[in-house]
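Residues per chain, in single letters:
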Amino acid sequence: MTGASSLGGPGARLPTTEFDYELPPERIAQQPLAERDAARLLHLVPDGRLEDRRVTELPELLQAGDLLVRNDTRVRAARLRARRAGGGGAELLVLTALGEGRYACLVRPARRLPAGAVVEIRPDLTATIGAPVPGHPGARAVRLECAGGGDVDAAIERAGSVPLPPYIHTQLADPERYQTVYSRHAPAVSAAAPTAGLHFTEALLGRLEERGVALTTVRLEVGLGTFTPIRAADAAAHTVHEERYELPRSAAQAVAATRARGGRVIAVGTTTVRVLETRAAGGGQVEPGCGTTRLYLRPGVELRVVDGLLTNFHQPRSSLLLLVAAVVGRECWRPVYDHALGHGYRFLSFGDCMLCWRAGPPGS
């Protein structure tokens with residue numbers, strides 16, 4: 001049942017309706033479970049069987065010599081509430097830094113915030129609204145300034161709140177539940193969490209290492225484009241938003257060592273897949289480096305590095321769902337999702353997850 005689909009190539013037509021399914025609102029998890037690793041895990045076995053498991057069983061599903069690659073980005077406290085000069089509220093959602101004190105932001109109310117408008121977030125933090133930002137639909141270039149020339153990123157963290165995905169309607173009692181336990185980057189830079197990583201605890205990571213599974217990290221700054229549905233009739237015509245990434249030399253060395261011992265490279269989440277495949281160097285290897293990526297993985301686009309993927313269940317008509325289809329096969333994702341819907345799995349960011357594999361080279 002698994003394996004990257006051979007139907008068509010990168011330019012082949014992909015009807016968007018083929019990647020649609022009905023997701024009842026009540027199946028969208030609104031709160032994380034009390035314990036991070038208590039989620040269910042649907043295992044798509046290489047021989048095509050589906051196994052209903054638990055995240056706590058992940059060490060049993062991996063092998064000594066495998067490598068688990070995680071995205072250690074941290075979600076920025078990106079939602080900033082402000083006051084307009086003439087009175088009335090405003091809101092900024094910081095997407096990414098543009099340099100020289102400017103940030104790409106979504107602004108509301110957009111019609112009341114023309115270029116040149118100044119809003120006050122705190123007495124020591126103001127924002128000047130600028131022009132639209134190419135490559136970030138709906139975003140504006142906003143100059144954020146601290147009184148006395150203070151650290152703007154630190155001021156954002158103090159003033160802001162962590163934004164939740166648009167389909168989450170319940171506030172978190174503990175905002176850290178929308179951060180992975182291994183998020184390390186300071187300042188925080190992502191607009192959304194790499195949600196497959198939310199299932200891990202320090203204890204689970206320790207059990208994986210005891211099993212002989214190696215761990216390494218990469219980084220991708222997750223943007224709000226991850227929630228953008230595919231609106232084109234032909235999904236192949238969709239364009240994903242640009243996101244910054246870093247693949248450290250230590251991660252490239254870990255991949256090389258895994259290949260040398262015959263292990264498999266398993267990505268935790270779609271964001272990790274995009275980093276690894278962006279830096280693919282042939283023979284299942286990767287090159288260290290950093291930059292920006294607009295890599296759009298979908299059926300017909302060959303995966304060159306990733307052997308396995310741990311991921312949550314994604315929205316209909318999303319680029320993330322097409323990435324899953326690129327891993328398991330264009331014809332295989334739907335039976336997996338039908339099983340998950342029919343067996344009570346929870347969907348999206350705070351939901352359950354699946355572990356799936358691709359067939360053939362480079363790691364198998």
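Structure: see above.
Residues numbered from 1 in each chain as written. Predicted model: local features only at pLDDT ≥ 70, side-chain atom pairs only at ≥ 80, totals over all residues. Heavy atoms only, no water.

1. Section: the sheet that holds strand E10 (residues 214-220)
- In spatial order, the strands read E2-E1-E17-E16-E12-E3-E10-E11-E15; together these nine strands make up an open sheet with mixed pairing. Each edge of the open sheet carries a strand with a single partner, namely strand E2 (50-54) and strand E15 (289-293). On average, adjacent strands in this sheet sit at an angle of 25° to one another, irrespective of strand direction.
- Pairing of E10 with strand E11 (residues 243-247) involves two bridges; the strand directions are antiparallel. Across the sheet, Arg219 pairs through a bridge with Glu246, a residue of E11.
- Helix H4 (residues 249-260) contacts strand E3 (67-71), E10, E11 and strand E12 (265-268) of the sheet and is inclined by roughly 140° relative to E10. (Pairing = 2+ DSSP bridges. Helix = DSSP H or I, 4+ residues; strand = E, 2+ residues; numbered from the N terminus. Axes fitted to C-alpha atoms, helices over the stretch in contact; angles between N-to-C directions. Contact = heavy atoms within 4.5 Å.)

2. Notes on empty space enclosed by the protein
- All told, the structure shown has two cavities of 30 Å³ or more when counted by the stated rule.
- Roughly 250 Å³ of internal volume is contained in the largest cavity.
- When residues of the lining of the largest cavity are traced back to their parent elements, those giving at least two are helix H5 (270-278) and strand E16 (308-312).
- In the lining of the largest cavity, the residues fall into eleven nonpolar, eleven polar and no charged.
- In this structure, the second largest cavity spans a volume of roughly 100 Å³.
- Forming the boundary of the second largest cavity are 14 residues, of which Pro32, Arg36, Arg177, His199 and Phe350 lie nearest the centre.
- Its residues placed into classes, the lining of the second largest cavity shows five nonpolar, five polar and four charged. (1 Å grid on protein atoms, 1.4 Å probe; cavity = no way out; pocket = protein on both sides within 12 Å on 5 of 7 lines; lining within 4 Å. Points joined across faces, edges and corners; volume = space filled by probe spheres on them. Nonpolar A, V, L, I, M, F, W, Y, C, P; charged D, E, K, R; others polar.)

3. With respect to the pairing of E2
- Burial along E2 is one-sided: Glu51 and Arg53 are buried, and none of Leu50, Asp52 and Arg54, which face the opposite way, are.
- Across five bridges, strand E1 (residues 40-44) lies against E2 in antiparallel orientation. Across the sheet, the residue bridging to Leu41 is Arg53, located in E2.
- The antiparallel pairing of E1 with E2 creates a hairpin that spans five residues between the two strands, and Gly48 there sits at a positive phi of about 100°. (Buried < 20%, exposed > 50% of the residue type's maximum accessible area, 1.4 Å probe, protein only.)

4. Some points on the packing of aromatic side chains
- Evaluation of the coordinates by the stated rule reveals eleven aromatic pairs.
- With 6.2 Å between their ring centres and 50° between their planes, Tyr21 and Phe347 make a pair best called tilted. Of this pair, Tyr21 sits in the segment before E1 while Phe347 is found in the loop between helix H7 (333-342) and strand E17 (353-357), placing the two residues 326 residues apart along the sequence.
- The exposure class assigned to Phe347 is buried, which follows from its relative accessible area of 0%.
- Centroid distance Tyr337 to Phe347: 5.9 Å. Interplanar angle 75°. Geometry classified as edge-to-face. Placement of Tyr337 in helix H7 and of Phe347 in the loop between H7 and E17 is noted, with a sequence separation of ten residues between them.
- Judged by its relative accessible area of 1%, Tyr337 is buried.
- One aromatic cluster is present, built from ring pairs that chain together Phe19, Tyr21, Phe313, Trp333, Tyr337, Tyr345 and Phe347.
- It is Arg70 that lies over the ring of Tyr182; its NZ or CZ is 4.7 Å from the centre. (Phe/Tyr/Trp six-rings, centres within 6.5 Å; stacked < 30°, edge-to-face > 60°. Lys NZ or Arg CZ within 6 Å of the ring centre and 35° of its normal.)

5. Section: the pattern of salt bridges
- This model, assessed by the stated rule, comprises 20 salt bridges.
- With its nearest N and O atoms 3.0 Å apart, the salt bridge here joins Arg53 to Glu57.
- Across the pair Glu287 and Arg279 runs a salt bridge, and its minimum N-O distance is 3.9 Å.
- A cluster of three or more residues bridged by salt bridges with shared partners is formed by Asp47, Arg49, Glu51, Arg53, Glu57 and Glu60. (Salt bridge = Lys/Arg side-chain N within 4 Å of Asp/Glu carboxyl O.)

6. Observations regarding the state of the cysteines
- Taken as a whole, this structure holds zero disulfides when the rule is applied.
- Not part of a disulfide, Cys146 finds its nearest cysteine sulfur in Cys105, a span of 13 Å.
- Among the residues examined, Cys146 registers a relative accessible area of 14% and is labelled buried.
- Considering cysteine sulfurs only, Cys356 is the nearest to Cys332, which forms no disulfide, with 10 Å between them. (Disulfide = S-S within 2.5 Å.)

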